[in-house]
Amino acid sequence: VCVAGYGQSDGNEILQLIPPPTLLTKETQGLCPERDFKVECGGFSERPVYSLKYVPDTSLLVTSGPPDSSLQVWQVSAEDSDVIKSVSTIATENGTGQSWAKIDTISARAPWVLHGSRLDRVQITEVESRKNVYTAGIQGNEELSSLAFLDCSLLLLCSATGRLCLADTRQPQGLTEAVPAPSVPSSEHWCMGTQHAAQGSQPGSQPVARLSSRGLLALTDLRKTSEFLAVAKARVPSPGSGAEFLCVSWAPALEGYLAISGFDGTVHVYDTQSWDSSGREAEPIFVHKGHIFGGAGGSRDPPLVTVHTWHLQKPRTLLSAASDGSLHVWDWVQPCGKC
């Protein structure tokens, strides 16, 4: 597990942590005497790290953060060293003055990074050679909130206004715009969460979830963008300090389940299988409050969950991090009425 700091100082840590033994087993274990992560190697970033992605099948990490849209590439050192060192910077055209870049990585053809800060500035760069291999031909300079590889050819982009764009690297001008976000006040900020297609299924066959800063959730099938699969309202407070930490993610091993965070110190888990297009309020089936109760207490502001992710093999296990530097691994249980 890799984590990084996002403070404004020039001493933000980047750490690779070894998970506790209970997370390394395939089967559920009982109480484990060792419950803490251990630092395997680490380094320091001169800039805040707002996004961090591991490059599959390599020992490289890619990070981004203010004050511009450039990317930093890091080498996780060999076994005889405990240092994560900076190896290169991927500069972007007209990157100065742009907001920090959103990133995603893939290694299907070569180690690639998909990155951009605005819809008209999205490109794919080969990580090791820093060669630009694709630039999306999208009109409009809307701020980009999320992007993702659906496979090595299909890219999905989401603007801060909730607009979805599907691009195909095999057709430089081939761009399909999906249905816009539900009609809501323009002040809302949106992000998206995608689910990797199951083996043998077509890319884009899994629904895309969009989450707004007011807690509205919209599910879309990219094969039929003329209507929403479902629309629901999450029971969350409006974010008080911006929407930079909004996060929605699909469970990789449980059909129809997703989690959201970024509103406060909690992570909410929802079962979307009974949702419709009414937009009514949805009841979470589990709320993780560990970051609120596990903090230092006192007069300090309660921590804000900055990101969460699902364990790839353990269906009901999630990891979440918060603004107080805490990292939690936790399980949730199905409500008794659905056992």
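Read on for an overview of the structure. Small disclaimer: the values here were computed from a predicted structure and weren't measured.

1. Examining the overall build of the chain
Part 1: A count of helices and strands for the chain gives two helices and 26 strands.
Part 2: The burial tally for the chain puts 51% of its 339 residues in the buried class.
Part 3: Excluding contacts between residues fewer than 6 apart, the proportion of contacts in the chain whose partners are at least 24 apart in sequence is 48%.

2. Focus: the sheet that holds strand β2 (residues 12–18)
Pairing between the strands of a sheet is mediated by backbone hydrogen bonds and can be parallel or antiparallel.
Part 1: One open sheet holds the three strands; their spatial order is β1-β2-β3, and the pairing between them is antiparallel. Unpaired on one side and paired on the other, β1 (2–4) and β3 (38–45) mark the two borders of the sheet. Taking each pair of neighbouring strands and ignoring which way they run, the sheet shows an average axis angle of 20°.
Part 2: Summarising the sheet, β2 and β3 pair through seven bridges and their orientation is antiparallel. Note on β3: the bridge partner recorded for Ile18 is Lys38.

3. Notes on the pairing of strand β10 (residues 123–126)
Part 1: The pairing of strand β9 (residues 112–116) with β10 spans four bridges and is antiparallel. Within β10, the position partnered with Leu114 by the bridge is Ile124.
Part 2: Hairpin connection, β9 to β10: the antiparallel pair is bridged by six residues.
Part 3: Note: β10 against strand β11 (residues 132–135), three bridges, orientation antiparallel. Counted as the bridge partner of Gln123 is Thr135 from β11.
Part 4: Counting the residues that bridge the hairpin from β10 to β11 gives five residues, and of these Arg130 lies at a positive phi of roughly 60°.

What counts as what
- Throughout, residues of each chain are indexed from 1 in the direction in which the sequence is written.
- Totals for whole chains, interfaces and linings use all residues, but because this is a predicted model, local features are given only for residues with pLDDT of at least 70 and pairs of side-chain atoms are given and counted only at 80 or more.
- Water and hydrogen atoms play no part in the side-chain values, which are based on all heavy atoms of the structure.
- Strands here mean DSSP runs of E at least two residues long; helices mean DSSP runs of H or I at least four residues long; both are numbered from the N terminus.
- Classification of residues uses two cut-offs on accessible area relative to the type maximum, computed with a 1.4 Å probe and protein chains only: under 20% is buried, over 50% is exposed, and between them is partly exposed.
- Should any heavy atoms of two residues lie within 4.5 Å, those residues are counted as being in contact.
- Paired strands, as defined in this entry, are two strands with at least two bridges between them according to DSSP.
- Here an angle of 0 to 180 degrees is reported between the N-to-C directions of two axes, which are lines fitted to C-alpha atoms, with helices fitted over the stretch in contact.

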